[in-house]
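Report on the structure
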Amino acid sequence: KNRLLMLKLSMNLTKYKNKKILILGLGREGLDSLRFFLKHCPDCKLGVADMVESDKFNPQIKDLLAENRDIEIFSGENYLTAMENYDYIIKSPGIPFFLPKIEQAAAENKITSQSRIFFDNCPGKIIGVTGTKGKSTTASIIYEIIKKSGKKVFLLGNIGIPMLSYLDAGDKETFFVCELSAHQLYGLSKSPHIAVILNIYPEHLDYYRTYNEYIRAKANITIHQKENDYLIYNSANPETLQIADQSPAQKIAFNDYQWSFSGKTKLIGGFNLQNAKIGAIIGRLLMIPNKIINEAKSLATQNKFDE
């Protein structure tokens, strides 16, 4: 089964064959992208670029570059000039889209991202969670409920676990719970099977030119959904309500959803109760027994992630 998945993945990556590919940004996600392309695209000509000087790269990057000396390295303040000589640029989320050189490369259809490659090639079902606040807690609860049900599931994305290295770890029965920032959603051409929008508030406006651009980036979590997909959203937040109105998916407003958690609960504050309710909705959609879903009440208090 894994051999077939690897073959299918290789076929889907044929557009990168014998092309020049630049990994732009060498944080956790950039490192994962570099490993992915070294493994799956041996015929590619790879380069890396980062504003950090190469002598200050983290040890894992240094080791990988030492093992693969044909990788071109661009570092320091002029690192963006490297883009001119590459066919495709895998841009890390932390680098703004609205730098002139990035915009020029995007106009030439050179820019892509780890999240876009993952969505285009994912063999299983994606459950995407976004919101200005509360993403990590909600995604973790959803993951725990699915995991306890016995289904195969991975927790990935903005929570600190890059996505690409998990592409060949799943199959069509696998669930991928992805915490997604606006930066990861920007430019996607596919949306998750189940999308969750918790809330949208004016943040990251140093990264986007306007608040509306930030909202449009968030909207990618549902805009490309189909009628057999699901959107779970916050009907009390004007921005998420606006996005839901444009969605083609089946819609569930989580703040209007009724769910009684059995037994004693230590849930503290409305956010944790809200997150547990979202877990309950998704558990119901996946036909997970109520007993397992009800454990969301304890998972919400045990979770170590920030709201």
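I will try to describe carefully the structure that is included in this document. Worth saying up front: this structure is predicted, and the values here are computed from it rather than measured. (Residues numbered from 1 in each chain as written. Predicted model: local features only at pLDDT ≥ 70, side-chain atom pairs only at ≥ 80, totals over all residues. Heavy atoms only, no water.)

**A short note on the sheet that holds strand β11 (residues 250-253)**
Spatially, the 6 strands line up as an open sheet ordered β7-β8-β6-β9-β10-β11, and their pairing is parallel. Each edge of the open sheet carries a strand with a single partner, namely β7 (153-157) and β11. Neighbouring strand axes in the sheet, compared pairwise and without regard to direction, differ in orientation by 15° on average. Looking at chain direction, strand β9 (residues 194-197) and strand β10 (residues 230-233) are connected through 4 bridges and run parallel. Paired with Val-196 across the bridge in β10 is Ile-232. (Pairing = 2+ DSSP bridges. Helix = DSSP H or I, 4+ residues; strand = E, 2+ residues; numbered from the N terminus. Axes fitted to C-alpha atoms, helices over the stretch in contact; angles between N-to-C directions.)

**A word on the sheet that holds strand β4 (residues 88-91)**
Pairing is parallel across the open sheet formed by 5 strands, whose spatial order is β3-β2-β1-β4-β5. Edge positions in the open sheet fall to β3 (72-75) and β5 (111-113), since each of these has one partner strand only. Direction aside, neighbouring strands of the sheet carry axes that sit 25° apart on average. Pairing between strand β1 (residues 20-24) and strand β2 (residues 45-50): 5 bridges, direction parallel. Across the sheet, residue Lys-20 finds its bridge partner in β2, namely Lys-45. Its contacts with the sheet put helix α4 (residues 100-107) on β1, β4 and β5, and the angle it makes with β5 is roughly 95°. (Contact = heavy atoms within 4.5 Å.)

**With respect to the nonpolar core**
Side chains of nonpolar character tend, in soluble globular proteins, to be buried together. Ranked by size, the top nonpolar core spans 67 residues in total, and within it Tyr-16, Ile-21, Leu-24, Phe-37 and Phe-118 carry the most contacts. Considering each element in turn, this core owes the most residues, 5 residues, to helix α8 (residues 211-223). Leaving out residues up to four positions away in the same chain, Leu-24 has contacts with Ala-49, Tyr-79, Leu-80, Met-83, Ile-89, Ile-90, Lys-91, Ser-92, Ile-95 and Ile-102. Judged by nonpolar contacts, the second largest core, of 28 residues, contains Ile-145, Ile-159, Trp-259 and Ile-293. (Core = buried A, V, L, I, M, F, W, Y, C linked by side-chain atoms within 4.5 Å. Buried < 20%, exposed > 50% of the residue type's maximum accessible area, 1.4 Å probe, protein only.)

**Some words on the side chain of Asn-199**
On the secondary structure map, Asn-199 appears in the loop between β9 and α8. Here Thr-132 takes part through its backbone nitrogen, which lies 3.0 Å from a polar atom of the side chain of Asn-199. Engagement of the side chain of Asn-199 in a polar contact is seen with the backbone nitrogen of Lys-133, the distance being 2.9 Å. (Polar contact = N/O pair within 3.5 Å; in protein donor to acceptor, adjacent residues only side chain to side chain.)

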